[in-house]
Amino acid sequence: MSERTFHDVWVSGTEEPEWLLEATDEGAQKMQPEEPEERLLEQEGARVVDDYVVEEESPEDELMIINMGPQHPSTHGVLRLQLELEGEIIRRSKPIIGYLHTGMEKTGEQLTFMQGPTNVTRMDYLAPMHNELAFSLAVEQLLEIEIPPRAQAIRILMTELNRVSSHLVFLATAGMDIGALSMMLYGFRERESILAFFEKTTGLRMNHNYIRPGGVAADLPDGWEDDVEGIVEKVNRGVLDYEDLLKQNPIWLERTQGVGVVTAEESLAYGITGPNLRASGVNWDLRKAQPYSGIDQYEFDVPVGQHGDVYDRYRIRVQEILQSLRIVRQVADRMPKGDYRTEDRKVSPPPRARIDQSMEALIHHFKIYTGGVKVPEGEVYVAIESPRGELGAYLVSDGGTHPWRMHMRTPSFCNLQALPVAMADSLVADTVATISSLDPVLGDVDR
Amino acid sequence: MSEMHPLLGSIVEQFDGVQWGLSSGQNVLFVPKALWRDVAQACKDAGFESLVDETAVDYLGKRDVRFEVVANLLSLRHNLRVRLRAQVPEDDTTVASLVPVYPGANFYEREVWDMFGITFEGHPDMTRILMPDDWEGHPLRKDYQVGTVPVQFKSSPEAR
C-alpha cells in the first residue's frame, strides 16, 4: 500500500504552497496519488484474494439498477438515486428530485415583498438567514434604499453565525454517514448554542424571518456580546475536538481521500459554487469577489482545496468555521450604533409607540400592512455566498406590491447535478460519503 | 458602471441583433431567440466559464411576447456577470438548449420546461423534474391559478 498522508487546504493569507503556485486559470487541481493497481483490482472485485473462483460471466448479471431513496437515511432528505451497477462499481447514476417541491416560487408571487422573507427562509432550512438576506438585498436594490450600518453589521453577524451552524451540521451528518457517530453528537452540541442565540434574538430557532427588506426585524437583545463571545469560544474549542476525532483518523482518511473527486473544470462546467468549488482548487468566494452588506471591511481568508475529493470538502468546511468565527468576533468588536432598519417610512413600519402620537405614523403603518410596499418596475439578480454556494435571488417587479416573478438560484439544486460526475466509476460504498460531502439540503433543491 | 465592458462589446459586435443594456445597474444582453445558443457559446469562449442560473418569466398581459428565458453567466476570471435574455412567443415555445455549451444547464432547463412549458431543443432528457411525471399544466405560468387544482391522489389498484 502506498504512503497516504493527510493534507490540509490552503488558507489565503498564509504562505502559498508549491502546488498552488502551479495553478492555472482553471484552478490548482491535482489528482490524488492512485492506489496500487492490485489494491484497486481487489476493491473492484476483479482480483480475487480468497479461493472463490469466478465462473463464466453471462451478460444478464453485468448490470444492475438499484434505487436508493427517497427515504434512505443518508440521503439528507427525500432524494432518490438510480444507480446502474456493474458489480460493486457505479457506472451511471441519476438523481431524482422533486419529493419536497412545495411551489415556493409560485407562493412568492402571491405574497408581498414584505412577506417574502417568511417564504424564502423555508427553502434552505439550514441557512435561513442567507435566504432572507439574498431576497432582501434584491428588493432593496430595486427600491434603491440605503441600509444603516448597524443593520448591515447585524446581517453579517447573523449570516456568519448561520454559516457556522450550517457547517457544523455538515460535519455532524457527514461524520454520521461515514460511521463517526460521536462527530454527530459533537456537531449538534455546538450548533445548539448558536440556535439558542438565534432564538433569543429572533424568537425562533429556524425560519426566522429576521432579515427583512429595509434592515432587520429587531435589535440584538441585551447582553448579546457575552452570548456571541461564548459561542465563539465554545465552537473554537469544539473544532479542536473534531480535529482530534477526524483529521488524522486512518479510517476517516481511507473513506474520504480520493473519493468522489470533482475536478475544477467539471465544477465550473456544472456551475458548482461555494465550498465544493473551492475544494477543487478554485479560489472563488463571493464575499471577496463581489462583497455585500459591507463584508469587505472585515478580515478573513478563503480556504482553497487541492484534490476536490471528500476529504478536501470536509477540510474546507472546518477552515470556514474558523474564518466565520473570525468575522463574527470582528463584527462584535466593531458593532456600530444607530438604527437597525432604515427610517424610510415608505419601506419600514414606524415603532408601535409612534402610532399613538402621530397621524403620519398611523398612515404609514396602515399602508405597509394592508397594501404593502410598492417596488419600482425592473428586474434584478443579487447573489450572496451561502454555506452551500452562490445563492441568488432573481426578482421581477411590475411596479406593484407583489413580485411579478420570484426565482431563487439555490446552490444545492445546481451542486446536485454533479453527483453523477462525482460518483461515476466509484464504489457503491462511497455513494453515501459523496452525497454528504456535496452537502445538499433537499429543501434548497426542491423549493 | 454605465459603459459597456470590452468583453461584452466583442460579443455584441459578433452578432446582428444582440443588444447590450443595463437593468438595475447590471449587464444584460438582449438576444434574439434564434441566436440563443450561439451567443452563449460566444460568451463561453470569451471567458464566461460558468452558467449560474437559467430560468424564465411569464409576462402574460404585460408584453406582446409572452415568455422570456433568462440565463445568468459568470466569469470568474474577469469577475463579471452578464444576463442573457431572449423573448419566446407563446406560439413557438422552443429554444435551443444550452446543455452542449454548459452541461450545468441540464436541471435548469428541465425545471423551465416543467414550470413554463418551454421546450429546449437538443436537451438530452426533457422530462419533468419537480412536479410528478403525470402532472398536467405548467404551474408557474400566470394563467395557472393557485388553489384551483384538486389534490391528486392515486388510488390503490386493488383492495389489500
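Cut-offs used in this document
- Residues numbered from 1 in each chain as written.
- Chains lettered and ligands numbered in written order.
- Predicted model: local features only at pLDDT ≥ 70, side-chain atom pairs only at ≥ 80, totals over all residues.
- Heavy atoms only, no water.
- Helix = DSSP H or I, 4+ residues; strand = E, 2+ residues; numbered from the N terminus.
- Buried < 20%, exposed > 50% of the residue type's maximum accessible area, 1.4 Å probe, protein only.
- Contact = heavy atoms within 4.5 Å.
- Salt bridge = Lys/Arg side-chain N within 4 Å of Asp/Glu carboxyl O.
- Pairing = 2+ DSSP bridges.
- Axes fitted to C-alpha atoms, helices over the stretch in contact; angles between N-to-C directions.
- Buried area = accessible area lost by both parts, 1.4 Å probe.
- Polar contact = N/O pair within 3.5 Å; in protein donor to acceptor, adjacent residues only side chain to side chain.

Moving on to the overall build of chain A. Helices and strands together make up the secondary structure of chain A, namely 19 helices and eleven strands. A buried classification covers 59% of the 447 residues belonging to chain A. Of the contacts formed within chain A by residues at least 6 apart in sequence, a portion of 72% connects residues at least 24 apart.

Residue and element names in this part refer to chain B. Per the stated rule, a full pass over the model turns up 41 salt bridges over all chains. Between Glu49 and Arg77 there is a salt bridge, and its shortest N-O distance comes to 3.2 Å. Here the residue Glu49 occupies a position in the loop between helix H2 (36-46) and strand E3 (50-58), and Arg77 occupies one in the loop between strand E4 (67-75) and strand E5 (80-88), the gap between them amounting to 28 residues. For Glu49, a relative accessible area of 12% gives the class buried. Its relative accessible area of 43% is what places Arg77 among the partly exposed residues. Across the salt bridge formed by Glu90 and Arg66, the nearest N and O atoms sit 2.7 Å from each other. In this pair, Glu90 sits in the loop between E5 and strand E6 (94-96) while Arg66 sits in the loop between E3 and E4, placing the two residues 24 residues apart along the sequence.

Residues and elements named next belong to chain A. With respect to topology, three strands assemble into an open sheet ordered E8-E9-E10, the strand pairing being antiparallel. Pairing within the sheet leaves two strands with one partner each, and these edge strands are strand E8 (378-386) and strand E10 (403-409). Neighbour to neighbour, the strand axes of the sheet diverge by 15° on average, direction disregarded. Pairing analysis gives nine bridges linking E8 to strand E9 (residues 389-397), with the strands arranged antiparallel. Each residue of the ladder has a partner; that of Ala383, found in E9, is Gly392. Most of the contacts of helix H5 (residues 128-143) go to E8, to which it runs at about 150°, and overall it touches E8, E9 and E10.

This part covers the sheet that holds strand E2 (residues 64-68) of chain A. Residue and element names in this part refer to chain A. Overall, antiparallel pairing links the four strands, which are arranged E2-E3-E4-E11 in an open sheet. Each edge of the sheet is formed by a strand with only one pairing partner; in this case those strands are E2 and strand E11 (426-427). Bridging between E2 and strand E3 (residues 80-86) involves five bridges; their strand directions are antiparallel. Each residue of the ladder has a partner; that of Asn67, found in E3, is Gln82.

Moving on to the interface of chain A and chain B. Interfaces are often sized by the accessible area lost when the parts come together. Across the boundary between the two partners, chain A contributes 42 residues, which contact 47 residues of chain B. Summed over both partners, the interface of chain A with chain B comes to about 3700 Å²; 54% of that surface belongs to carbon and sulfur atoms. The largest share of the area that chain A buries against chain B comes from Lys106, Glu379 and Trp404 of chain A, three residues that together contribute 18% of it. Taken together, the connections running from chain A to chain B amount to seven salt bridges. Across the pair Lys94 of chain A and Asp125 of chain B runs a salt bridge whose closest N-O atoms are separated by 3.2 Å. Where chain A touches chain B, the interface holds 27 residue pairs in polar contact (both at pLDDT 80 or more).

Interpretation note: all reported values are geometric properties and have no functional meaning in isolation.
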